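Read off the chains here:
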Amino acid sequence: MSRIIAISNHKGGVAKTTTCFSLGACLASLGQRTLIVDLDPQADLTAAAAINLAEPGETLADWLPPFRNGQSRPLPVYPTAAAGLDILPADSRLASAERHLYDTAHYETILAELLQPLNTTYSYILLDCPPSLGAITLACLTAAQHAMIPVQTEYFAARRLNILLEVISAIKQRTNPGLDWHLLATMYDQRNRISCGILDQLKHAFPGQLLDTVIGVDTRLRESPAVGEPISMYAPRTRASRQYFDLAREIHQKIRPE
């Protein structure tokens with residue numbers, strides 16, 4: 001059975017999409033077939049994987065109200081440049097779908113039901129949640145066994161963390177009692193005193209939930225989406241590539257598939 005990980009933070013710019021793409025590729029390189037799912041109307045993950053939706057094709061939006069029409073076809077999964085890594089892409093219509101979800105009975109479980117047929121196909125399914133706490137994020141947290149929260153090591157990013165943790169607590173009480181969560185420190189700059197201080201605070205406040213792997217600042221991470229490749233392919237010898245491989249090994253050790 002797949003392990004579903006929701007990569008979520010309601011604050012943008014914390015390397016959420018970068019982490020989904022890079023971690024997915026590293027898991028696949030370790031022999032774990034992985035699906036990444038773009039759930040952000042901005043479709044940055046889809047663009048990073050070089051999925052050209054200007055050509056005929058379908059996205060996850062076609063399986064959500066108001067665009068779905070009772071189809072029983074398989075979800076539109078596309079291969080990426082990385083072997084063993086597939087993507088379920090998104091487009092801007094997800095914004096409209098999210099508005100309609102609130103009028104759909106039991107909308108929190110709709111994503112779990114859509115992904116259920118893929119549970120035996122992939123070892124890991126990574127959900128790239130939108131930078132908000134709306135209906136799609138709630139559906140992601142309901143579908144997942146684990147939530148990974150990328151936290152940029154700067155003051156305002158850490159300060160807003162409690163809001164998401166309160167939402168996770170509510171999800172555990174209402175729709176997904178088995179949901180586990182971890183924090184991932186991202187965009188860490190060891191030359192910056194504030195960055196070092198925030199990382200120390202996270203270690204002290206969340207000793208059991210903060211992942212050991214720390215993702216540092218690396219310009220190559222910003223360049224790789226332009227060529228449609230994850231960091232492990234674009235710049236495999238960089239520090240960032242090594243760190244995401246370390247993260248993949250840590251995740252597989254902590255929450256390996258059944």
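Small disclaimer: the values here were computed from a predicted structure and weren't measured.

A. Up close: the overall build of the protein. From N to C terminus, the protein includes 11 helices and 8 strands. For the protein, whose C-alpha radius of gyration is 17 Å, the value lies close to the compact-globule estimate of 18 Å for 258 residues. Reported as C-alpha extents along the three principal axes, the dimensions of the protein are approximately 55 × 40 × 35 Å. Burial analysis of the protein (258 residues in total) assigns 56% to the buried set. Here the protein displays about 11,700 Å² of accessible surface, and carbon together with sulfur accounts for 49% of that area. Between the centroid of the 23 positive side chains of the protein and the centroid of its 25 negative side chains there is a distance of 6 Å.

B. Quick peek at the packing of aromatic side chains. Tallied over the entire structure, the rule returns 2 aromatic pairs. Seen in terms of ring centroids, Tyr-102 and Tyr-107 are 5.6 Å apart; in terms of plane orientation they differ by 65°. Their pairing is edge-to-face. The partly exposed category is assigned to Tyr-102, whose relative accessible area is 46%. One residue, Arg-93, lies across the ring of Phe-67, its end atom 4.9 Å from the ring centre.

C. Structural context of helix H5 (residues 135–143). The element H5 is largely enclosed, with a buried count of 9 among its 9 residues. Taken together, the buried positions of H5 are occupied by Ala-135, Ile-136, Thr-137, Leu-138, Ala-139, Cys-140, Leu-141, Thr-142 and Ala-143. On its buried face, H5 is in contact with strand S1 (3–7), helix H3 (94–101), helix H4 (110–115), strand S5 (124–128), strand S6 (146–152) and helix H7 (161–174).

D. Region of the structure containing the pattern of salt bridges. Per the stated rule, a full pass over the model turns up 9 salt bridges. With its nearest N and O atoms 2.9 Å apart, the salt bridge here joins Asp-91 to Arg-93. What makes Arg-93 partly exposed here is its relative accessible area of 27%. Close ionic contact of Asp-246 with Arg-249 constitutes a salt bridge, the shortest N to O distance being 3.4 Å.

E. The sheet that holds S6, seen in detail. Taken in spatial order, the 8 strands make up an open sheet running S3-S4-S2-S5-S1-S6-S7-S8, and their pairing is mixed. The sheet terminates laterally at strand S3 (78–79) and strand S8 (210–216), the two strands that pair on one side only. Pairing geometry for S1 and S6, over 3 bridges, is parallel. Its bridge partner lying in S6, Ile-5 is registered against His-146.

F. Spatial organisation of the nonpolar core. The biggest cluster of nonpolar side chains holds 53 residues, and the ones touching the most others in it are Val-37, Leu-115, Ile-125, Leu-127, Ile-149, Ile-168 and Leu-183. Considering each element in turn, this core owes the most residues, 7 residues, to H5. Those residues in contact with Val-37, other than ones at most four positions away along the chain, are Leu-45, Leu-60, Leu-88, Leu-115, Ile-125, Leu-126, Leu-127 and Asp-128. Among the nonpolar cores identified, the runner-up in size contains 33 residues, and Leu-45, Tyr-124, Leu-184 and Leu-211 belong to it.

G. Fine view of the environment of Ala-49. Here Ala-49 shows up in the loop between helix H2 (44–48) and S3. Residues Ala-49 and Pro-230, 181 residues apart in the sequence, show an inter-C-alpha distance of 7.8 Å. Apart from residues lying up to four places away in sequence, Ala-49 is in contact with Phe-21, Thr-80, Ile-87 and Gly-228.

H. Molecular detail of the side chain of Thr-186. Looking at where Thr-186 falls in the secondary structure, it is placed in strand S7 (residues 180–188). Discounting chain neighbours no more than four positions away, the residues touching Thr-186 are Val-14, Ala-15, Thr-19, Pro-150, Val-151, Gln-152, Thr-153 and Ile-215.

What counts and how
Numbering of residues starts from 1 in every chain and runs along the sequence as written. Only residues with pLDDT of 70 or above have their local features reported here, since the model is predicted, and side-chain atom pairs are shown and tallied only from 80 upward, although totals for entire chains, interfaces and linings are computed over all residues. With hydrogens and water set aside, each side-chain value is computed from the structure's full complement of heavy atoms. Starting at the N terminus, helices and strands are each numbered in turn, a helix being any DSSP run of H or I of at least four residues and a strand any DSSP run of E of at least two. Radius of gyration here is computed from C-alpha atoms only, and the compact-globule reference equals 2.2 Å multiplied by the residue count raised to the power 0.38. Only protein chains enter the accessibility calculation, which uses a 1.4 Å probe. A residue is then buried if its area is under 20% of the maximum for its type, exposed if over 50%, and partly exposed in between. In short, Shrake-Rupley with a 1.4 Å probe defines the accessible areas, and a residue's cover is counted only from the protein chains shown. When charges are tallied, Lys and Arg are placed among the positive residues and Asp and Glu among the negative ones, while His and the ends of the chain are skipped. Charged side chains are reduced to one point each, which is NZ for Lys, CZ for Arg, CG for Asp and CD for Glu. Any Phe, Tyr or Trp ring, taking Trp's six-membered ring, that has another such ring centre within 6.5 Å forms a pair; planes under 30 degrees apart are called stacked, those over 60 apart edge-to-face, and the others tilted. A ring is scored as having a charge over it whenever the NZ atom of a lysine or the CZ atom of an arginine sits within 6 Å of its centre and within 35 degrees of its normal. For this analysis, residues touch if any pair of their heavy atoms sits within 4.5 Å. By definition, a salt bridge exists where a carboxyl oxygen of Asp or Glu is found within 4 Å of a side-chain nitrogen of Lys or Arg. Two strands make a pair as long as DSSP finds a minimum of two bridges between them. Buried Ala, Val, Leu, Ile, Met, Phe, Trp, Tyr and Cys residues form a nonpolar core when they are joined through side-chain atoms within 4.5 Å.

That is the geometry; function is a separate question.
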